[in-house]
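The primary structure of each chain is shown beneath.
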Amino acid sequence: MAELEHDVLRGASKNLPTGVWGYSFASISPLDSELESYTKKVDAIKEKVKDMLIQSTKELANIEFIDLLCRLGVSYHFENEIDSQLNRIFTTLPNFLEHNNYELHTLATLFRVLRQHGYKMTSDVFKKFKDKNGKFKSSMIDDVKGLLCLYEACFLAVDGEDILEEALSFTRKHLKSLAENLSHRFQKHIRNALIFPYQRTMERLGTLHYIFFYEADESPNETLLKFAKLDFNRLQLLYRKELALLSIWWKNTNVVESLPYGRDRLVMSYIWAVGSIFEPQYSLSRMIICKYVLLSTVVDDTYDTYGTFDELCRFTTALQKFNTDVVDQLPDYMKFLYKFILTFFEETEKDSGGEGCFYKASFAREMLKELATSYFVEKNWQRERKAPLFKEYMEHGLVTSTLDFISSALIQGIENLGMKEILWIRNNPQIIIAAKFCGRLMNDLAVRTDETNRDDFPKAVDCYMEEHRVSRDEAIESIVKIIENKWKKINEEMMKPSSGERILIKLALNYSRMAMLYYNSSDMFTYESSSQELVMSIIINPISM
């Protein structure tokens, strides 16, 4: 590794911070008996909660109970029962809307829950809350609970729903002012919602916030609250076990020590994996996703931070061949990386099922090749200080969003997903395209809002500025609008009958949610120190029983 040590200053201009976690999670794996104990406690209450769900047959009580299950993070236990009940409610929706004059809170909750589960309830139901001048009634301002529910419902809007655009502006304005005069409990809840509305929040983080909010309710359902707490703590133990195994694996690869220019982001990669798919039955997929995020990060940093143009040209060509015959053509540090990649795919294919999963591993390798090719194109733009047209930039930006690569990891870890799902991903359905836009543009905004950071030129903001001859602020404003429109497309595609597997549609949604979390105001993935509270909440600190 003498060559790498001699040239390490090549990447120094990036000033990338070192990771804050290291291998610290390698030694915190919980005892299997502790995890089993929590599982038994969860199972003991699960049937009671299921009975409550089945017995809540009245539409109003039913929809509110389903919403509680979702907000408390336990709805995955009862997917079939919830689907059955929501289908019944949606079928009879016109009838009971006609014969019942629902208040704002109830109607907005019904709207949001149905839309989040794929049922396209019309937004026209909110017209009744407008006055004769077409403005929302001033009497609504005193209904804090109703305003908050309407605000949350607005994030399920699709293109052309002007009434939800108006409602969002109205509710956001009044919630900000009302929050100052409410109890601490409601203040915190509203402020959380104003930053991360439910539809755009990492599921585990949203669950954690809502458990604390619901616990302080005047009359919470104690059985359901206990069930939610036990389940959260149980999953936290599982995540700690997975992260411990991943830490040991990551340390044994020797990547951090051999390629010191790269970002060591094991924990942030794992949190992204939890955000992608949190349910316990998807443990293998979660661990593979984490590994794929780590791999894409070190490859990204090789292109973006360290490799020379000539070295990267050889490396890109070598990856297209994907065999050991070309290793000698690479510099020493790239030989290490290249051999690591070959071994990596051999191991993940074996972990996910051996020879029978060859075509899944082949799909993943092709996604890495595409990723490397687009990284190389971006490196050439950087080398020439060239900002391409925005459309051309995004053609490669959708690839470097890494969603296809992450999708291949998910598919590899789930036995009943296969060629049908691979073809669906490769056909680039609208929800996948929209999620890629959200991820790529949120990442770019986190970099470009800091005008002093010019090493990553060009990003989307630069391309938009130069093509449209506008200021940085104007470009950022336009890109924010693009992101909002893509969220509407995600909402719309979630409500269409789709040939896509539900779990892949959910992956696209969760990918967009994680982009909102990681790149909301800064690059949390790169500047890992800002993530400590998040990591402690999701992985380390159990909820008090």
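Residues numbered from 1 in each chain as written. Predicted model: local features only at pLDDT ≥ 70, side-chain atom pairs only at ≥ 80, totals over all residues. Heavy atoms only, no water.

(A) Just the overall build of the protein, in detail. Along the protein, the regular secondary structure elements total 25 helices and zero strands. Over its C-alpha atoms the protein spans a radius of gyration of 24 Å, differing by no more than 12% from the 24 Å that the globule rule assigns to 545 residues. Expressed along its principal axes, the backbone C-alpha trace of the protein runs to roughly 75 × 60 × 45 Å. Of all 545 residues assigned to the protein, the portion counted as buried reaches 58%. The contacts in the protein between residues at least 6 apart in sequence include a share of 75% that link residues at least 24 apart. Distance from the positive charge centre (68 side chains) to the negative charge centre (78 side chains) of the protein: 3 Å. (Helix = DSSP H or I, 4+ residues; strand = E, 2+ residues; numbered from the N terminus. Rg over C-alpha atoms; globule rule 2.2 N^0.38 Å. Buried < 20%, exposed > 50% of the residue type's maximum accessible area, 1.4 Å probe, protein only. Contact = heavy atoms within 4.5 Å. Lys, Arg positive; Asp, Glu negative; His and termini not counted. Charge placed at Lys NZ, Arg CZ, Asp CG, Glu CD.)

(B) Highlighting the packing of aromatic side chains. Overall, the coordinates contain 32 aromatic pairs when judged by the stated rule. Consider the rings of F315 and Y338, whose centres lie 6.3 Å apart with planes at 80°: the pair is edge-to-face. Taken together, the positions of F315 in helix α15 (residues 309-321) and Y338 in helix α16 (residues 332-351) put the pair 23 residues apart, joining distant regions of the chain. With a relative accessible area of 0%, F315 lands in the buried category. (Phe/Tyr/Trp six-rings, centres within 6.5 Å; stacked < 30°, edge-to-face > 60°.)

(C) Looking closely at the packing of helix α19 (residues 403-412) against helix α20 (residues 419-426). Put simply, α19 and α20 touch, their axes get as near as 11 Å, and they point 170° apart. In terms of axis orientation, α19 runs roughly antiparallel to α20. Of the residues in α20, those in contact with D404, S407 and I411 of α19 are E421, I422, I425 and R426. Looking at the contact of α19 with α20 residue by residue, the class counts come to three nonpolar, one polar and three charged. (Axes fitted to C-alpha atoms, helices over the stretch in contact; angles between N-to-C directions. Parallel < 35°, antiparallel > 145°, perpendicular 65-115°, else oblique. Nonpolar A, V, L, I, M, F, W, Y, C, P; charged D, E, K, R; others polar.)

(D) A nonpolar patch on the surface, seen in detail. Together, F358, Y359, M419 and L423 make up a nonpolar patch on the protein surface, roughly 380 Å² of accessible area in all. Listing elements by their share of the nonpolar patch, those giving two or more residues are α17 (358-384) and α20. Of note, Y359 is situated in helix α17. (Patch = residues over 30% accessible without salt bridge, like charges linked within 9 Å, V, L, I, M, F, W, Y side chains within 5 Å. Areas by Shrake-Rupley, 256 points an atom, 1.4 Å probe, with all protein chains shown as cover. Salt bridge = Lys/Arg side-chain N within 4 Å of Asp/Glu carboxyl O.)

(E) Highlighting the pattern of salt bridges. Taken as a whole and judged by the stated rule, the model has 28 salt bridges. For K369, the salt bridge identified is with E366, shortest N-O distance 3.1 Å. One end of the pair is K369 and the other is E366, both in helix α17 and three residues apart, which spans about a single turn. The buried category is assigned to K369, whose relative accessible area is 13%. For K496, the salt bridge goes to E492, with nearest N and O atoms at 3.8 Å. Judged by its relative accessible area of 41%, K496 falls in the partly exposed class.

(F) Local environment of the packing of helix α14 (residues 283-306) against α16. Packing of α14 against α16 brings their axes to within 12 Å, and their N-to-C directions diverge by 165°. By the criterion of interaxial angle, the relationship of α14 to α16 is roughly antiparallel. Seen along the crossing, α14 lies across α16 with a hand that is left-handed. Across the interface between the two elements, L284, K291, Y292, L295, V298, V299, T302 and Y306 from α14 touch Y333, M334, L337, F340, I341, F344, F345, T348 and D351 from α16. By residue class, the composition of the contact of α14 with α16 is 13 nonpolar, two polar and two charged. (Left-handed = near helix turned anticlockwise from the far one by under 90°.)

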